[in-house]
Structures are given as C-alpha cells and as structure tokens.
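Spelled out, the chains give:
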Amino acid sequence: MDNNNETSSTSISSSRKIKVNYKLLPIKAHYFFFMASLGPILPFLPVFGKQLGVSEVVMGFITAILPILFLLAKPLFGLIVDYFQEQRKTVFMGLLCAMSLCYVLLYLIPQPSGPFITEKSPYNLSGIHCEELDFCQSREVLEAEGCGQYKRVICNLTCGPSKNGSLVEALFTSAPTSNDTSSAETPCIIGNQSSFTCSSVDNSTCELACVLHQTEREKDCLYGTPTFWGFVILMSLGTIGFNVANSISDAICFDVLGSGGEMKYGHQRVWGTIGFGITALLAGYAVDWWSAGSANKDYTPAFILVLIFGVLDILCCFRLRVRGIVSSFCSGDEISLPPIPRSENILKDVGQLLKHKHIVIFLTFAVLAGVIDSFIVYFLFWYLEDLAQVTGEMSNIKLLEGITVAVETLVGEVIFFMLSGKILKKIGYGHSLTLCFMAYSLRLGLISLIPSPWWVLPVELFMQGPTYALCYTTIVAYASAVAPPGTSATMQGLVAGMDDGFAHSNVTGYALGSMIGGLLYHEVEGNMALKIFCAMAFLCGLLHFVLYKFTLKHTMLPAG
C-alpha cells in the first residue's frame, strides 16, 4: 500500500515537473527573438546620432516629432488587426521585416572620420610653451569648410609675464592625421607666425581663451546632408515599426492568455527582456572590441546581431503560422492565434471608455510616465558619454552601456515582470502607478549624483524594475482589463500611443518629454536636467496619490 502511494506520489511529482504549456511557447519565443533583434541597436540610437554630429536639441526634436506618428500608427494598426482577423499575421510579419530592414540599413550611413566638435568642446588652453604653438597651413584653413570636423574660434592669446593679450583666430580639428588618431586638443592659429610677438627665448608660456565663432554657431552643414536625413528616415521608420509591432505583440499575447489572464502577461514579456539584455551586452562588448580604441565607434557587430535575430524572429513567426515551435515536434498539434470577438463599432466602444473619469486620468498619467521615461530612454547614454569624456573613460563606454542594458533587463526587469502580477493584485493599479513615479524620482536623482559613469550600474540594477517594468505592466494590463470585447488591439494601441507615442514624441507626452529633455540638456547641462526631471516625477507621484486617495479609489477597477 505504501509502495503504491509512493509510486503515485512520484508520478504526480514528475508530471508536475515536466508540465509545459506548449500553447504559450511560440509567444515566449517571439518575444525573445523580437527584442533580441532590437537590443544591439535600439538603446544606442541616440548616441549613434551623437557620433554623426546630431546635437541634443536636434535629437530631442527628432524624437519628439516621431511619436506623433506612433500615436497615429498604433491605433490604426490596432484597428486593422482587430477588423481584418484573417490577415493580421501577414501584416504583423510585414512590420517585422520592415523594422529589421530599416535598422540594418543604418549600417550604410557614412561615418565621420573623427568625432564632431561642438560648442561644448574644450577650446581653452593654458600652459603651452611659446615654441609649441602651431600655426595653420593654407590646406588646413581650406579644409575648415568641412562639415563638423573643423571649428573656427576667436581667442585671446596671452604669452609671457606681460599678460598683454592679442585677439587671434584659431582652428580646432577632430579629423585624425597620420600621427594622431584622436581628436586634437591643441588648435592651430590662423595667420603668419612672424606677425606674433611670442618669444621663445625666455621660454614663456601662453594661454588661449577661446569662444566659438558666431558664424559657426549659425552654420551646421550636417543637417542638409544625406547622412543626416538617411539617419532620421531609417531611425524613424524602424522605431515606428518597433512601436507598432510591440503594441500588436502585446495584443496577441493577451488574446492567447484569454480573459482574466492579464496577470500572466509578465511571464511572457520577460522573455523579450532576456533577449534584449543579452544582445545589448554582446553588442556593447563587440563594438568596443571591434573599434579597437578608435575615437569613433564602429557598430558593425551590432548590425550583424540585428540581422541574425531579426531573421530568427521572422522564421519564428512564419512557423507560428503553421504550427507551434516546440509543439510541432512534440504533439504535432497545429497552433494558431485564437480568433478575437469582433466589435461592431470599435471606435464607439473606445469612445465610451473615454467617458469614464478614472480611465481619462489613468491615460493622462500614462502620458506623464512617458514624459519622465523619455529622458532616460534618449539621454541616459548621452549623459554617460559626456561624463566618460570628462573622466577619461571613453575607451570602454559601449561595454558599459551594454552592461547597463543587461543589468536593467536581465535583473531588474526580469524580477519585476515576474512579480508584477502579484504586486498589482496586492496594491492595485492606482498605488502601483504612484509607486512607479516615486521610483522614477529616486532613480533620476541618484543618476545625477554619480561621480563616474560606472556608478550608474547599481542604480539601474535596482531601479529599472520598479520604474519601467512595473509601470509598463501596470499600463498594458489595465488597458486590457478595461477594453470591451473585440477591441484589445485598439485599446493597446491607444494606451501605447499615449505612453510611447503621445509621451515618447507627441505634443503632450514623449514628444513633450524629449523636446524638453533636449532643450534642458543643451541649456543647463545633463546633470541639472536630471534633477529637474527628478522633481517632476516626484510631483507626478504626489498628485496621483492625492487623486487616487480622494477621487479614484472607488471608481478604478481592481487588479486581478
């Protein structure tokens, strides 16, 4: 009798161990390959543009204009997917192909021979000996018309103990020469050497106090070139494709999970996080290794990874059309996405949603969450590279950026995507969103205090989870929970448009966040911009807590 019970117990235990939900394996595989194809390039797009010579202000405006298209494209594609049920997988695979192609084509953008000189470049020089002063050759002056590689500056030249300065014009260059592969720190002075009274007999030292020439501020030939517009167009199309495909992926995931399955969303989405973190880390290491100490980073390994995982994702989705990836070898049962009950009037149903005060307020704070997140998404690596330039740690900056993405995703996001369902059930949608804003405030404040770019790692390790992962899950789960039957993709598109489009780049959300971020970064520097966004996140959290406590507590739907 005991032996029978023991055998039965062992059998039950074994069946529990090998129990696999084959229905969800294709979704997990798609998330993994989809996000793995983005990890090598998506986090690096702003600093890729920075290397081309795009300023923080221009980058802010680019990322602000783009999400206007996100706002339009996501609900539009959601509407198409909801209405044309039979063709939705074909549309989805077409999006994936177009997205991957656009990102890979960025490889063809011609790179500058040296880093671009900006208004923030170190024009001032002191302690140089008189005989070490360099005077420009006529060829160098002619080449000064080159785009971004040369900058004319006006300097007050002071030599010797007399401290009597003379006004001169000098030329800074970042174009590498045969003897120097790094950006030049010493300018050459435009003019004839005999016209200067600098004497080398007394070994006097000189000081150059320079300002950027006014005409150079007005002229920036980068923005009229095919290089700039190629970058803008390909980045735009690729990122729009990613945002739309990501929104549809979430809708498909909720369809497969079925009604009431919102709390299991994090267990599927976490596989995308794992893929994203692994390939970002690989790309960061490979780019630094491939660049071999060059002043400019060569992104060739990153584009190779994008191509490999993009093809794998498309093959994964193609197999999904016929049968499940693993189940095709195990059970032979055909796996297809379940049909969604079609609403007769999708726009009317969504319009009905917007009549509810708690939904409107929720969407408003989704916009504000995008505003806060936009600065981290677009300008965190920008700030790290500026900090690395000051601290002399540029040689391994891509590795640092790759590790940063890895700790954000493989640790912070993995843990919180897995725990998000439990957190939502425990404290509800309202308190979860308040918690996210407060966590964003703490995260931004800590980043503003780091003395070295490597100190960002512990901050991102602990703060990415309670900010991005929890906030993302809260928003998409709530959107799915309140969506009428037949409008899941439309509602996901609406909410994602508010969070990523409307906040990533539209006039009120991400657009507002990226524009303000770019302007603030340019005017008050990155450190002060971080502190301003820190205060903004705190105020949003406080306001949401008050509204929820006194207005929304009894009207918002409970989680779970």
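Everything below is about the structure printed above this text.
Scoring rules and cut-offs
Residues numbered from 1 in each chain as written. Predicted model: local features only at pLDDT ≥ 70, side-chain atom pairs only at ≥ 80, totals over all residues. Heavy atoms only, no water. 1 Å grid on protein atoms, 1.4 Å probe; cavity = no way out; pocket = protein on both sides within 12 Å on 5 of 7 lines; lining within 4 Å. Points joined across faces, edges and corners; volume = space filled by probe spheres on them. Helix = DSSP H or I, 4+ residues; strand = E, 2+ residues; numbered from the N terminus. Nonpolar A, V, L, I, M, F, W, Y, C, P; charged D, E, K, R; others polar. Expected span 1.5 Å × (residues − 1). Buried < 20%, exposed > 50% of the residue type's maximum accessible area, 1.4 Å probe, protein only. Phe/Tyr/Trp six-rings, centres within 6.5 Å; stacked < 30°, edge-to-face > 60°. Polar contact = N/O pair within 3.5 Å; in protein donor to acceptor, adjacent residues only side chain to side chain. Contact = heavy atoms within 4.5 Å.

Peer 1: An account of empty space enclosed by the protein is needed here, citing residue identities and associated values.
Peer 2: By the definition in use, this model includes six cavities of 30 Å³ or more. Contributing to the lining of the largest cavity are 37 residues, with Leu-42, Phe-276, Asp-373, Val-377 and Tyr-468 lying nearest its centre. Elements represented by at least two residues in the lining of the largest cavity include exactly α3 (45–52), α4 (56–83), α8 (226–257), α9 (265–291), α13 (357–391), α14 (397–449), α15 (456–482) and α16 (488–501). For the lining of the largest cavity, the element with the highest residue contribution is α13, accounting for eight residues. In terms of residue class, the lining of the largest cavity is built from 21 nonpolar, nine polar and seven charged.

Peer 1: Quick one: what's the story with α8, residue by residue and with numbers?
Peer 2: Relative to the 46 Å expected for 32 residues at 1.5 Å per residue, α8 spans 46 Å between its end C-alpha atoms, a close match to the ideal helical length. The element α8 is largely enclosed, with a buried count of 28 among its 32 residues. Of the residues flanking the end of α8, it is Gly-258, one or two places downstream, whose phi is positive at about 85°.

Peer 1: Mind laying out the packing of aromatic side chains, listing which residues take part and the relevant values?
Peer 2: Applying the stated criterion across every chain yields a total of 14 aromatic pairs. Here the aromatic rings of Phe-48 and Tyr-299 are separated by 5.1 Å at their centres, their planes lie at 75°, and the arrangement is edge-to-face. Of the two residues, Phe-48 sits in helix α3 while Tyr-299 sits in the loop between α9 and α10 (300–322), which places them 251 residues apart along the sequence. Overall, the relative accessible area of 3% leaves Tyr-299 in the buried class. Geometrically, the ring pair formed by Tyr-107 and Phe-303 is edge-to-face, given 5.8 Å between the ring centres and 70° between the ring planes. One end of the pair, Tyr-107, is in the loop between α5 (88–105) and β1 (125–129); the other, Phe-303, is in helix α10, and 196 residues separate them in sequence. Take Tyr-107: its relative accessible area is 45%, and that puts it in the partly exposed class. Judged by its relative accessible area of 5%, Phe-303 is buried. Taken together, the aromatic side chains of Phe-48, Tyr-107, Phe-231, Tyr-299 and Phe-303 make up a single cluster linked through ring pairs.

Peer 1: Any details on unusual backbone geometry? Residues and values, ideally.
Peer 2: Positioned with a positive phi, Glu-525 is a non-glycine residue whose angle comes to about 75°. Structurally, Glu-525 can be placed in helix α17 (residues 510–552).

Peer 1: Can you break down the side chain of Thr-409 residue by residue, with the values?
Peer 2: As for its position among the elements, Thr-409 is in helix α14. Relative accessible area serves as the criterion here: at 2%, Thr-409 is assigned to the buried category. In this structure the side chain of Thr-409 is engaged in a polar contact, spanning 3.4 Å, whose partner is the backbone nitrogen of Gly-277. There is a polar contact of 2.7 Å between the side chain of Thr-409 and the backbone oxygen of Val-405. When residues no more than four places from it in sequence are discounted, the contact partners of Thr-409 are Thr-273, Phe-276, Gly-277 and Val-414.

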